[in-house]
Amino acid sequence: QVQLVESGGGLVQPGGSLRLSCAASGSIFSIYAMGWYRQAPGKQRELVATITSGGSTNYADSVKGRFTISRDNAKNTVYLQMNSLKPEDTAVYYCNADLADAVVAGIYDYWGQGTQVTVSS
């Protein structure tokens with residue numbers, strides 16, 4: 001069984017910064033892409049940023065230049081550094097990982113439970 005556990009959310013003022021972390025644990029053989037998604041109230045879940053096992057990154061236009069995704073493959077952990085936060089960044093942020101399970105053959109898509117980020121003065 002695989003678990004993704006996020007941390008680092010909270011309340012921050014506009015212009016502030018937060019760093020999210022997501023650690024994957026359990027029966028992991030190999031992790032391919034990891035990423036962050038977010039869902040604001042009344043809106044669909046949207047991609048924020050993704051990173052491959054080789055370090056290639058992709059960002060939503062709305063966060064380019066402000067957010068940075070990174071990962072530590074040795075720790076099975078992905079990070080999201082969020083700077084210059086805006087009220088419209090307020091959402092529940094979800095971690096995602098595509099990985100090969102060490103017990104059940106195949107590549108599966110896993111999600112974390114989500115962490116709330118609120119940007120408000």
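Here is what the cut-offs are and how they apply
- Residues numbered from 1 in each chain as written.
- Predicted model: local features only at pLDDT ≥ 70, side-chain atom pairs only at ≥ 80, totals over all residues.
- Heavy atoms only, no water.
- Disulfide = S-S within 2.5 Å.
- Helix = DSSP H or I, 4+ residues; strand = E, 2+ residues; numbered from the N terminus.
- Buried < 20%, exposed > 50% of the residue type's maximum accessible area, 1.4 Å probe, protein only.
- Pairing = 2+ DSSP bridges.
- Phe/Tyr/Trp six-rings, centres within 6.5 Å; stacked < 30°, edge-to-face > 60°.
- Lys NZ or Arg CZ within 6 Å of the ring centre and 35° of its normal.
- Lys, Arg positive; Asp, Glu negative; His and termini not counted.
- Salt bridge = Lys/Arg side-chain N within 4 Å of Asp/Glu carboxyl O.
- Polar contact = N/O pair within 3.5 Å; in protein donor to acceptor, adjacent residues only side chain to side chain.
- Axes fitted to C-alpha atoms, helices over the stretch in contact; angles between N-to-C directions.

Undergrad: Looking at this structure, how should I read the state of the cysteines?
TA: Disulfide: a covalent bond formed between the sulfur atoms of two cysteine residues. Across all of its chains, the model carries one disulfide by this definition. Shown here is the disulfide that connects C22 with C95, its sulfur atoms set 2.1 Å apart. Here the S-S torsion is close to -80 degrees, and the disulfide linking C22 with C95 is therefore left-handed. Placement of the pair is C22 in strand β3 (residues 18-26) and C95 in strand β9 (residues 91-101), with a sequence separation of 73 residues. Grouping residues by exposure puts C22 and C95 together as buried.

Undergrad: Mind showing me how you'd approach the pairing of strand β5 (residues 46-51) here?
TA: Strand direction decides the pairing type here: strand β4 (residues 28-39) and β5, joined by five bridges, are antiparallel. Across the sheet, the residue bridging to W36 is A49, located in β5. Where β4 hands over to β5, the hairpin turn is made up of six residues, of which G42 adopts a positive phi near 75 degrees. Pairing geometry for β5 and strand β6 (residues 57-59), over three bridges, is antiparallel. Paired with I51 across the two strands is T57, which belongs to β6.

Undergrad: Would you mind showing me how to read the packing of aromatic side chains here?
TA: Think of a pair of aromatic rings as described by two things: how far the centres are apart, and how the planes are tilted against each other in angle. One pass over the structure, following the stated rule, counts one aromatic pair. An angle of 65 degrees between the planes, with centres 5.0 Å apart, marks the rings of Y37 and W111 as edge-to-face. Of this pair, Y37 sits in strand β4 while W111 is found in strand β10 (residues 107-111), placing the two residues 74 residues apart along the sequence. Exposure remark for Y37: the relative accessible area of 19% places this residue in the buried category. Judged by its relative accessible area of 35%, W111 falls in the partly exposed class. Over the aromatic face of Y79 sits the side chain of R19, whose NZ or CZ is 4.1 Å from the ring centroid. Geometry around Y94 places R45 over its ring, the cationic atom sitting 3.7 Å from the centre.

Undergrad: When you look at the side chain of E6 in this model, what are you seeing that I'm missing?
TA: Assignment of secondary structure puts E6 in strand β1 (residues 2-7). Within the buried set, E6 has no salt-bridge partner at all; the shortest N-O distance to an opposite charge, 7.7 Å, is to R45. Among the polar contacts listed, one links the side chain of E6 to the backbone nitrogen of C95, at a separation of 2.7 Å. Among the polar contacts made by the side chain of E6, one reaches the main-chain amide nitrogen of Q113 at a distance of 3.0 Å.

Undergrad: What am I meant to see in the sheet that holds β3 here?
TA: Remark on secondary structure: sheet strands pair via backbone hydrogen bonds, oriented parallel or antiparallel. Here we have four strands laid out as an open sheet, ordered β1-β3-β8-β7, and antiparallel in their pairing. Looking at the sheet topology across the chains shown, the edges are occupied by β1 and β7 (67-72). Mean inter-strand twist for the sheet, computed between neighbouring axes without regard to direction, equals 15 degrees. One ladder, built from six bridges, connects β1 with β3; its direction is antiparallel.

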